[in-house]
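Spelled out, the chains give:
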Amino acid sequence: MKKMESFMLKLAPKIIAFMRGRYGQNDLINKCLFKTGVIFLLLGLFIYPRVMQLIGLFLIILNLYRFLSKRIYVRSNENQKFLKMTAPLRKKTNFYWNAFKNRKTHKYFHCKNCHQSMRVPKGRGTLKVTCKNCHETFTVKS
C-alpha cells in the first residue's frame, strides 16, 4: 500500500506537467462522444460487430483527442456551438425529466400563449395561474 502511494506521489507532478496547456475538460461534447462510443461498442456485441465497434472506438478516440488537445480556444468554441445546437433538445428533456421526478407533488404544463414552462402543486383543485413571461391568465386543474 505504501509503495502505491509513493508511486502516485511521484507520478502526480508528471501528469500535471503533461496536462498543462491542454484542454482537459470533460465538457458536453466529450460526455456525448464517450457515452455514444460506449453504446456503439455494446451494440457491436450483438449487431454488425466490426462496424459498430469501429464507430465506437472512433468516437472514444475523438473524445481523447479533444481532451488532450492543446487548441483550447478551438475546443471551447466547438463546445459553445454544440451547446447552442442542443439547447432546445436539452430544455425539453429537462422539462420532462423534472415533470417525471416531481410527478407526485407537482403538475407541469406550458403557457398556451408563449410556451413558458410552469408548475403547480397537485391536489389544490382548479387554480387561476398567471404566466410570468407574458402575463396571460388561465385556469389549470392541479
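What comes next concerns the included structure. (Residues numbered from 1 in each chain as written. Predicted model: local features only at pLDDT ≥ 70, side-chain atom pairs only at ≥ 80, totals over all residues. Heavy atoms only, no water.)

Let's talk about the environment of phenylalanine 46
Looking at the element boundaries, phenylalanine 46 is found in the loop between α2 (28–43) and α3 (49–68). By relative accessible area, phenylalanine 46 is classed as exposed at 69%. Through-space distance from the C-alpha of phenylalanine 46 to that of lysine 132 is 50 Å; in sequence the pair is 86 residues apart. (Helix = DSSP H or I, 4+ residues; strand = E, 2+ residues; numbered from the N terminus. Buried < 20%, exposed > 50% of the residue type's maximum accessible area, 1.4 Å probe, protein only.)

A few points about the nonpolar core
Counting residues in each nonpolar core, the largest one holds 8 residues, listed as Phe109, Cys111, Met118, Val120, Val129, Cys131, Phe138 and Val140. Elements supplying a minimum of two residues to this core: β2 (117–121) and β4 (137–141). (Core = buried A, V, L, I, M, F, W, Y, C linked by side-chain atoms within 4.5 Å.)

Quick notes on helix α4 (residues 72–101)
Structurally, the α-helix is built with 3.6 residues per turn, so residues lying three or four positions apart point the same way. An ideal rise of 1.5 Å per residue puts 44 Å on 30 residues; α4 reaches only 37 Å between its terminal C-alpha atoms. By the burial criterion, the buried members of α4 are Arg75, Asn79, Phe82, Thr86 and Phe95. Contacts from the buried residues of α4 go to α2, α3, β1 (106–110) and β2. (Expected span 1.5 Å × (residues − 1). Contact = heavy atoms within 4.5 Å.)

A short note on the pattern of salt bridges
Throughout the structure, instances matching the rule amount to 3 salt bridges. Among the ionic pairs, arginine 66 bridges to glutamate 78, the shortest N-O distance being 3.0 Å. Of this pair, arginine 66 sits in helix α3 while glutamate 78 sits in helix α4; the two residues are 12 residues apart in sequence, bridging distant segments of the chain. We classify glutamate 78 as partly exposed; its relative accessible area is 28%. With a closest N to O distance of 2.9 Å, glutamate 78 and arginine 75 form a salt bridge. Of this pair, glutamate 78 and arginine 75 both sit in helix α4, 3 residues apart, roughly one helical turn. Look at the salt bridges and you will find they share partners, linking Asp27, Arg66, Arg75 and Glu78 into a network. (Salt bridge = Lys/Arg side-chain N within 4 Å of Asp/Glu carboxyl O.)

Re α2
For α2, which comprises 16 residues, the first-to-last C-alpha distance of 22 Å matches the rise-based estimate of 22 Å (1.5 Å per residue) to within 8%. Buried residues in α2 make contact with α3 and α4.

Observations concerning the packing of aromatic side chains
Within this structure, the stated rule accounts for 4 aromatic pairs. Ring geometry for tryptophan 97 and phenylalanine 100: centres 6.1 Å apart, planes at 35°, overall tilted. Of this pair, tryptophan 97 and phenylalanine 100 both sit in helix α4, separated by 3 residues, roughly a single helical turn. The exposure class assigned to tryptophan 97 is partly exposed, which follows from its relative accessible area of 48%. Taking 6.0 Å as the distance between ring centres and 85° as the angle between the ring planes, the aromatic pair formed by phenylalanine 109 and phenylalanine 138 counts as edge-to-face. (Phe/Tyr/Trp six-rings, centres within 6.5 Å; stacked < 30°, edge-to-face > 60°.)

A few points about unusual backbone geometry
Of note, tyrosine 48 is a non-glycine position whose phi angle comes to about 40°, a positive value. Mapped onto the secondary structure, tyrosine 48 falls in the loop between α2 and α3. Assessed through its relative accessible area of 62%, tyrosine 48 is described here as exposed. With a phi close to 65°, histidine 135 is a non-glycine residue in the positive phi region. Secondary-structure assignment places histidine 135 in the loop between β3 (126–130) and β4. For histidine 135, a relative accessible area of 59% gives the class exposed.

None of this, on its own, says anything about what the molecule does.
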